[in-house]
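# Secondary and tertiary structure notes
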Amino acid sequence: MTYSTFDFSVTDHVAHIVFNRPDKANAMVLPFWQEMVDVFTEIDQRPEVRVVVISSTGKHFTGGLDLSAFAGLAGDMVKGDRGRISEQFRRTVAEMQESFTVIERCRVPVLAAVQGGCVGGGVDLISACDMRYCTDDAWFCIQEINIGMTADVGTLQRLPHLMPSGLVRELAYTGRRFMAAEAKSSGLVNASFANHGLMLEEVMAIAHSIAGKSPLAIHGTKEMLNYTRDHSVADALNYMQVWQAGMFLTNDLMEQMRANQEKRPAKFENLMPHKQLVQRRRY
């Protein structure tokens, strides 16, 4: 499958999504939102994928939502019955949220590599990723407040789990730029690098390290971390018991033990391919 707003490839178990509209600051035009759902559907159906990296091209990671692309949609929504318009808009927001929720729901870890500006929808996107890395000149901005709206695609729901609440509130209320050094010290990004090339090299090294681990164990680890974030410790421990009862005795465990004894890299089978019953429609 080919995509118009980013390039997609899979090499050595690592899927790579690369935003490819640098002349437009990789702004998120209408096709982008459906293509994000489509590409993660494809990833879910490709069992050889064990980790995903999202990076970009040009000066900026993304300028966020392309407002001009939504001008016609907004114009249509001010006509007609107010209640019906509101319900239509609620569903539009839900569809846009899904475009980044698929990242969080993805069975494998997703790493973001950010250069330059990461604005508005870009912050929504990276908030849904497992890990974030950036260049020393990167900056982040919850831009929605600067155009008179509340951020609505995941930033306000996910950032408080990644950074101190007071800092998240300051950024959300002021819309100021949040520079790379502060992003690193606050825990938003794992590491900062001198330039784009070095960042990609290091992020890909981390991705390949993850790809070398047991796919089933990685899947279980992500499932537990996400579940624990949203539930009590007691509930999460109970879920862990049930998960481990079904997943503990695997060939991966035996293979890793043999590999450790023989001082060699372990070789794991891919997970079983997922046969999707309902195919999504591309718009």
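Residues numbered from 1 in each chain as written. Predicted model: local features only at pLDDT ≥ 70, side-chain atom pairs only at ≥ 80, totals over all residues. Heavy atoms only, no water.

Further remarks concern the overall build of the protein. The secondary structure content of the protein amounts to eleven helices and nine strands. Taking 2.2 N^0.38 as the reference for a compact globule, 283 residues should give roughly 19 Å; the C-alpha atoms of the protein span a radius of gyration of 20 Å, in line with that estimate. Seen through its C-alpha atoms, the protein measures out along the principal axes to roughly 65 × 45 × 40 Å. The buried share of the protein, taken over its 283 residues, is 46%. By sequence separation, contacts in the protein at least 24 residues apart represent 71% of the contacts at least 6 residues apart. In the form shown here, the protein has an accessible surface area of approximately 14,900 Å², with 56% of it arising from carbon and sulfur atoms. Side chains of the protein carry 29 positive and 32 negative charges; the gap between the two charge centres is 2 Å. (Helix = DSSP H or I, 4+ residues; strand = E, 2+ residues; numbered from the N terminus. Rg over C-alpha atoms; globule rule 2.2 N^0.38 Å. Buried < 20%, exposed > 50% of the residue type's maximum accessible area, 1.4 Å probe, protein only. Contact = heavy atoms within 4.5 Å. Areas by Shrake-Rupley, 256 points an atom, 1.4 Å probe, with all protein chains shown as cover. Lys, Arg positive; Asp, Glu negative; His and termini not counted. Charge placed at Lys NZ, Arg CZ, Asp CG, Glu CD.)

Moving on to the environment of asparagine 146. Position of asparagine 146 relative to the elements: it lies in the loop between β7 (139-141) and α5 (155-158). Note: C-alpha distance between asparagine 146 and lysine 184 (38 residues apart in sequence) is 24 Å. In contact with asparagine 146, not counting residues within four places along its chain, are Cys141, Thr174 and Gly175. At 3.0 Å, the side chain of asparagine 146 and the backbone oxygen of glycine 175 are in polar contact. (Polar contact = N/O pair within 3.5 Å; in protein donor to acceptor, adjacent residues only side chain to side chain.)

Residues Leu167, Val168, Leu171 and Ala172 constitute the buried set of helix α6 (residues 165-174). Take α6 and look down its axis: the buried residues cluster within an arc of 130°, on one side only. Buried residues along α6 sit in contact with α5, β8 (178-179) and α7 (180-186). Taken from the residues just after α6, glycine 175 is the one with a positive phi, measuring 70°. (Arc of directions from axis to C-beta.)

Take the sheet that holds strand β2 (residues 14-19) next. Pairing in this open sheet of six strands is mixed, and the strands run β1-β2-β3-β4-β6-β9 from one edge to the other. Edge positions in the open sheet fall to β1 (6-11) and β9 (191-193), since each of these has one partner strand only. Within this sheet the neighbouring strands show an average axis-to-axis angle of 20°, counted without direction. Across three bridges, strand β6 (residues 131-135) lies against β9 in parallel orientation. Each bridged residue has a counterpart across the sheet, and for tyrosine 133 the counterpart in β9 is alanine 191. (Pairing = 2+ DSSP bridges. Axes fitted to C-alpha atoms, helices over the stretch in contact; angles between N-to-C directions.)

With that settled, consider the state of the cysteines. On inspection of all chains with the given rule, the structure shows zero disulfides. Take cysteine 106: it sits in no disulfide, and the sulfur closest to it among the cysteines is that of cysteine 129, at 9.9 Å. With relative accessibility at 9%, the residue cysteine 106 sits in the buried group. Between cysteine 141, a cysteine without a disulfide, and cysteine 118, which holds the nearest cysteine sulfur, the sulfur-to-sulfur distance is 9.7 Å. Note on cysteine 141: relative accessible area 4%, which makes it buried. (Disulfide = S-S within 2.5 Å.)

Our focus in this paragraph is the environment of glutamine 97. Topologically, glutamine 97 is positioned in helix α3 (residues 82-105). Residue classification places glutamine 97 among the partly exposed residues on the basis of a relative accessible area of 31%. Measuring from C-alpha to C-alpha, the distance between glutamine 97 and arginine 132 comes to 19 Å, with 35 residues separating the pair along the chain.

Topologically, isoleucine 210 is positioned in helix α8 (residues 196-211). For isoleucine 210, a relative accessible area of 14% translates into the label buried. Those residues in contact with isoleucine 210, other than ones at most four positions away along the chain, are Arg50, Val51, Pro109, Leu111, Met131 and Ile218.

Two measures define how a pair of helices packs: the angle their axes make with one another and the distance between the axes. The N-to-C vectors of helix α9 (residues 215-230) and helix α10 (residues 233-247) enclose an angle of 165°; their axes lie 10 Å apart at closest approach. Classified by the angle their axes make, α9 and α10 are roughly antiparallel. The two elements α9 and α10 meet at a crossing, and its hand is right-handed. On the side of α9, the interface is formed by Leu216, His219, Gly220, Glu223, Met224, Tyr227 and Thr228, while α10 contributes Asp235, Ala236, Tyr239, Met240, Trp243 and Met247. (Parallel < 35°, antiparallel > 145°, perpendicular 65-115°, else oblique. Left-handed = near helix turned anticlockwise from the far one by under 90°.)

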